[in-house]
Amino acid sequence: MAKFLFVTDLDHTLVGDDVALNKLNQWLHEQRQNYGTVIAYTTGRSLPLYQELIAQKELLEPDILMVAVGTEIYYPGNNNPDDEWQTKISQYWNREIILEVAKRFPCLVLQPSTEQTAFKVTYYTCLDGLSVTVPHLKAILQNQGIAVQMVDSYDGGFLDILPASANKASAAIFVQQRLGFTDEQTVICGDSGNDLSMFQNMLCPAIIVGNARSEILNWHKNSPPGKRYLAKGNFAAGILEGLEYFGFYRG
Ligand SMILES: [Mg+2]
């Protein structure tokens with residue numbers, strides 16, 4: 001076996017089946033110890049909400065932690081996010097103006113402060129108005145010199161507004177390049193809308209867990225085949241199945 005970069009979403013991807021999670025954890029722990037495999041988590045959660053999750057679930061300590069949809073990258077033993085990344089994504093971003101402009105849209109309801117971070121503004125949305133709201137809001141912000149991307153998850157129930165240059169894919173690629181892993185040495189795993197950027201923009205083996213949301217399944221069905229595997233199993237069991245499919249794991 002050789003080392004690889006293991007990038008996984010947490011909620012409903014790595015986490016969801018404690019028995020399978022335990023099995024995957026054991027194997028990943030050995031891979032890290034014996035071969036130098038790097039474990040990277042990428043989540044929509046803010047850092048405080050990530051800390052809530054690790055208090056409840058048995059998770060390995062990651063080597064890289066990407067929170068708030070790729071807008072903050074942390075390393076073990078360091079409470080400050082990667083500086084270089086923060087500087088890179090802060091261009092054309094202004095949180096206050098985004099909040100102010102978004103207030104005009106009845107379809108957007110700001111989520112609690114625990115969900116809000118320096119580079120992520122998160123809303124609940126109404127489904128029917130979203131297709132009008134997103135381009136309209138984007139255009140207004142663009143006129144003010146602010147470049148954002150809007151990522152909807154959970155069948156359109158959530159909307160994240162992020163800097164145009166930050167998402168799960170760009171953060172993972174930043175990490176991949178920084179640590180020197182090729183696409184062949186990288187695996188990504190996910191289940192819902194904010195994982196789509198990784199599936200769309202990364203060329204490495206990709207695992208879609210069996211319980212993936214419709215926004216991912218629809219994209220998968222309607223996209224040309226790539227190096228991606230839609231698992232039959234759910235959560236960590238689906239990840240193990242995908243790792244086996246791509247030849248990283250032998251069950
Ligand atoms: Mg998820």
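Quick notes on the rules
- Residues numbered from 1 in each chain as written.
- Predicted model: local features only at pLDDT ≥ 70, side-chain atom pairs only at ≥ 80, totals over all residues.
- Heavy atoms only, no water.
- UniProt positions renumbered as here; feature names shortened; annotations may be inferred.
- Disulfide = S-S within 2.5 Å.
- Helix = DSSP H or I, 4+ residues; strand = E, 2+ residues; numbered from the N terminus.
- Buried < 20%, exposed > 50% of the residue type's maximum accessible area, 1.4 Å probe, protein only.
- Core = buried A, V, L, I, M, F, W, Y, C linked by side-chain atoms within 4.5 Å.
- Domains from an automatic or database assignment.
- Salt bridge = Lys/Arg side-chain N within 4 Å of Asp/Glu carboxyl O.
- Donors = N, O, S within 2.8 Å, 3.2 Å for Na, K, Ca; no water.
- Pairing = 2+ DSSP bridges.
- Axes fitted to C-alpha atoms, helices over the stretch in contact; angles between N-to-C directions.
- Contact = heavy atoms within 4.5 Å.
- Buried area = accessible area lost by both parts, 1.4 Å probe.
- Polar contact = N/O pair within 3.5 Å; in protein donor to acceptor, adjacent residues only side chain to side chain.
- Nonpolar A, V, L, I, M, F, W, Y, C, P; charged D, E, K, R; others polar.

For the protein chain, an unreviewed UniProt entry supplies the name sucrose-phosphate phosphatase and the organism Nostoc paludosum FACHB-159. Quoted straight from UniProt, the Pathway (unreviewed entry) entry for the protein chain says "Glycan biosynthesis; sucrose biosynthesis; sucrose from D-fructose 6-phosphate and UDP-alpha-D-glucose: step 2/2." Under the Sequence similarities (unreviewed entry) heading, UniProt states for the protein chain: "Belongs to the sucrose phosphatase family."

Engineer: Any details on the state of the cysteines? Residues and values, ideally.
Structural biologist: Counted under the stated rule, the structure contains one disulfide. At a sulfur-sulfur separation of 2.3 Å, the disulfide partner of Cys107 is Cys126. Handedness of the Cys107-Cys126 disulfide follows from its S-S torsion of about -140°: it is left-handed. With Cys107 in the loop between helix 4 (95-102) and strand 5 (108-110) and Cys126 in the loop between strand 6 (121-125) and helix 5 (130-143), the pair connects residues that are 19 residues apart, well separated along the chain. Look at Cys107 and you get buried, because its relative accessible area is 6%. Residue Cys126 is classed as partly exposed on the basis of its relative accessible area of 29%.

Engineer: How would you summarise the nonpolar core if you had to cite specific residues and measurements?
Structural biologist: Residues Met66, Leu137 and Ile161 are the most contacted members of the largest nonpolar core, which totals 45 residues. Broken down by element, this core gets its largest block of residues, five residues, from helix 6 (residues 168-179). Both domains that furnish three or more residues to this core are identified here as domain 1 (5-88 + 166-245) and domain 2 (94-163). With 30 residues, the next largest nonpolar core counts Phe4, Leu21, Ala236 and Ile239 among its residues.

Engineer: Outline the pattern of salt bridges, supporting the account with residue identities and numerical values.
Structural biologist: For the structure on display, the rule yields ten salt bridges. Here Arg45 makes a salt bridge to Asp11, at a shortest N to O gap of 2.7 Å. One end of the pair, Arg45, is in the loop between strand 2 (38-42) and helix 2 (47-56); the other, Asp11, is in the loop between strand 1 (5-9) and helix 1 (18-35), with 34 residues separating them in the sequence. Assigned by exposure class, Arg45 and Asp11 land together as buried.

Engineer: Now, about the coordination of the magnesium ion: what can you tell me, with residues and values included?
Structural biologist: Here the magnesium ion is held by Asp9 (OD), Asp11 (O) and Asp191 (OD), and the distances to it run 2.1 to 2.3 Å. Donor residues for the magnesium ion sit on one chain with the sequence pattern D-x1-D-x179-D. Residue Asp11 is classed as buried on the basis of its relative accessible area of 19%.

Engineer: Account for the sheet that holds strand 4 (residues 72-74), naming residues and giving values.
Structural biologist: Here seven strands make up an open sheet; going across it, the order is 4-3-2-1-9-10-11 and the pairing mixed. The open sheet has two free edges, formed respectively by strand 4 and strand 11 (228-230), since each of these has just one partner strand. Taking the axes of each pair of neighbouring strands and ignoring which way they run, one obtains an average angle of 15° across the sheet. Where strand 9 (residues 186-190) meets strand 10 (residues 206-208), three bridges bridge the pair, whose relative direction is parallel. Across the sheet, the residue bridging to Cys189 is Ile207, located in strand 10. Sitting on the sheet, helix 8 (residues 214-221) touches strand 10 and strand 11, and the angle it makes with strand 11 is about 125°. Contacting strand 1, strand 9, strand 10 and strand 11, helix 9 (residues 235-245) crosses the sheet at an angle of about 145° to strand 10.

Engineer: Lay out the domain arrangement of the protein chain in plain terms, naming residues and giving numbers.
Structural biologist: Taken domain by domain, the protein chain consists of domain 1 (5-88 + 166-245) and domain 2 (94-163). The distance between the C-alpha centroids of domain 1 and domain 2 comes to 24 Å. Across the boundary between the two partners, domain 1 contributes 17 residues, which contact 15 residues of domain 2. Of the roughly 1,400 Å² buried at the junction of domain 1 and domain 2 (both faces included), carbon and sulfur atoms supply 50%. Inspection of the region where domain 1 meets domain 2 yields zero salt bridges. Inspection of the domain 1/domain 2 interface yields four residue pairs in polar contact (both at pLDDT 80 or more). The residue inventory of the side of domain 1 that touches domain 2, partitioned by class, reads four nonpolar, ten polar and three charged.

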